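Spelled out, the chains give:
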Amino acid sequence: MFTVQAGSKRVLNAKSDKFQGNIHKRGKVQDVSPKSSSKVAVGPIMLGFFLFVVVGSALLQIIRTATSGASLL
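Q: Provide a residue-level description of the overall build of the protein, including the pertinent values.
A: Summing up its helical and strand segments, the protein has 2 helices and 0 strands in all. Out of the 73 residues in the protein, the part that is buried amounts to 0%. When the accessible surface of the protein is totalled, it reaches about 7,600 Å², and 66% of it is carbon and sulfur.

Following this line, the structure appears as structure tokens:
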């Protein structure tokens, strides 16, 4: 049904050598992640839009409840 072919000896040796070279470097990985302490995840325009939608929705709900005369309970 399925045939499995082994990799070439050259490729397997290269992968094995690379692995053996990294064995002694475990736990001593350099920090390559960018430092983004001053960078915000959301821009000021999106934050303003979000606040506009949330506060506007809350105000409309308060106005709708006040004009319909429904109780808050």
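Q: Could you give an account of helix 2 (residues 44-68), with specific residues and numbers?
A: Look at helix 2: 36 Å from first C-alpha to last across 25 residues, which is about the 36 Å you get at 1.5 Å a residue. Directly beyond the C-terminal end of helix 2, a positive phi value near 75° is found at G69.

Q: Give me a nonpolar patch on the surface: which residues, what numbers.
A: Judged by side-chain polarity, V42, M46, L47, F49, F50, L51, F52, V53, V54, V55, L59 and I62 come together as a nonpolar surface patch covering roughly 1,200 Å² of accessible area. Inspection of the secondary structure puts I62 in helix 2.

Rules used in this analysis
Here, residues in each chain are numbered from 1, in the same order as that chain's written sequence. Whole-chain, interface and lining totals are the exception, using all residues; otherwise, since this is a predicted model, local features are given only for residues with pLDDT of at least 70 and side-chain atom pairs are given and counted only at 80 or more. With hydrogens and water stripped out, all remaining heavy atoms of the structure feed into the side-chain values. Secondary structure is summarised from DSSP: a helix means a run of H or I of at least four residues, a strand means a run of E of at least two, and numbering begins at the N terminus for each. A 1.4 Å probe rolled over the protein chains alone gives each residue an accessible area, and that area as a share of the maximum for its type sets the label: buried under 20%, exposed over 50%, partly exposed in between. We get accessible surface area from the Shrake-Rupley algorithm with a probe of 1.4 Å; when it comes to residues, only the shown protein chains can shield them. Take the number of residues in a helix, subtract one, and multiply by 1.5 Å to get its expected span. A patch consists of residues whose relative accessible area exceeds 30% and which take part in no salt bridge; residues with like charges are grouped when within 9 Å of each other, and nonpolar side chains (Val, Leu, Ile, Met, Phe, Trp, Tyr) when within 5 Å. What makes a salt bridge here is a side-chain nitrogen of Lys or Arg within 4 Å of a carboxyl oxygen of Asp or Glu, nothing more.

Everything listed here is a matter of coordinates, which is why it stays silent on function.
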